[in-house]
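Chain and residue survey
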Amino acid sequence: AIKNDPLAIQWASAELKNDEEIVFSAVTKDGRALEHASLQLRSSNKSIVMEALSKDRYAIRWEFVSAELKNDEEVILAAVAKYGWALQHASVRLRNDKQIVMAAIKKYPLAIQWA
């Protein structure tokens, strides 16, 4: 079912929602599927979060992303390069990183307010 409708993961068992391969497959097709992954996967699995981010700007429910990933240069740079407003969700350290701030401002000039 998830192959045809990646959002069908919302009706999957807790075990399947925690299966990295299944969740990765779902977010590859539709980044919004991340919302239905287990808390463990959506909060701390970098590859799944990065994949979801590449698919859908609304896939990242930042309240579920771990502080570790909000402090990860690769994750935040990828986010702000596509969606400058994502700077507001970065760690304080990364909101003060010149490269990240410049990437955010390039995409969304008003992102300077979060630097």
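Look a little higher up for the structure.
All of the points below concern the structure found in this document. If you're wondering where the values come from, they're calculated on a predicted model, not measured in any experiment.

**Comments concerning the pattern of salt bridges**
It is possible for side chains of opposite charge to pair when their charged atoms get near one another. Applying the stated rule across the entire model yields 5 salt bridges. Glu74 serves as the salt-bridge partner of Lys46, at 2.7 Å between the closest nitrogen and oxygen. Taken as a pair, Lys46 in helix α4 (residues 46-55) and Glu74 in helix α6 (residues 73-82) lie far apart in primary sequence, 28 residues in all. For Glu74, a relative accessible area of 48% corresponds to the partly exposed category. In this structure, the salt-bridge partner of Glu51 is Lys55, at a minimum N-O distance of 3.6 Å. You can see Glu51 and its partner Lys55 sitting in helix α4, 4 residues apart, about one turn around the helix. Assessed through its relative accessible area of 16%, Glu51 is described here as buried. On the basis of relative accessibility, which here comes to 43%, the residue Lys55 falls in the partly exposed class.

**A closer look at α4**
Every buried residue of α4 is listed here: Ile48, Val49, Met50, Glu51, Ala52 and Leu53. Where the residues of α4 are buried, they touch α2 (20-29), α3 (39-44), α5 (67-70) and α6.

**Things to note about the side chain of Arg42**
Within the secondary structure, Arg42 is located in helix α3. Although Arg42 is buried, it forms no salt bridge, and the closest oppositely charged side chain is Glu35 at an N-O distance of 6.9 Å. In this structure the side chain of Arg42 is engaged in a polar contact, spanning 3.1 Å, whose partner is the backbone oxygen of Ala37. Apart from the residues lying within four places of it in its own chain, the contact partners of Arg42 are Leu34, Glu35, Ala37, Val49, Phe64 and Val65.

Parameters at a glance
- Residues numbered from 1 in each chain as written.
- Predicted model: local features only at pLDDT ≥ 70, side-chain atom pairs only at ≥ 80, totals over all residues.
- Heavy atoms only, no water.
- Salt bridge = Lys/Arg side-chain N within 4 Å of Asp/Glu carboxyl O.
- Helix = DSSP H or I, 4+ residues; strand = E, 2+ residues; numbered from the N terminus.
- Buried < 20%, exposed > 50% of the residue type's maximum accessible area, 1.4 Å probe, protein only.
- Contact = heavy atoms within 4.5 Å.
- Lys, Arg positive; Asp, Glu negative; His and termini not counted.
- Polar contact = N/O pair within 3.5 Å; in protein donor to acceptor, adjacent residues only side chain to side chain.

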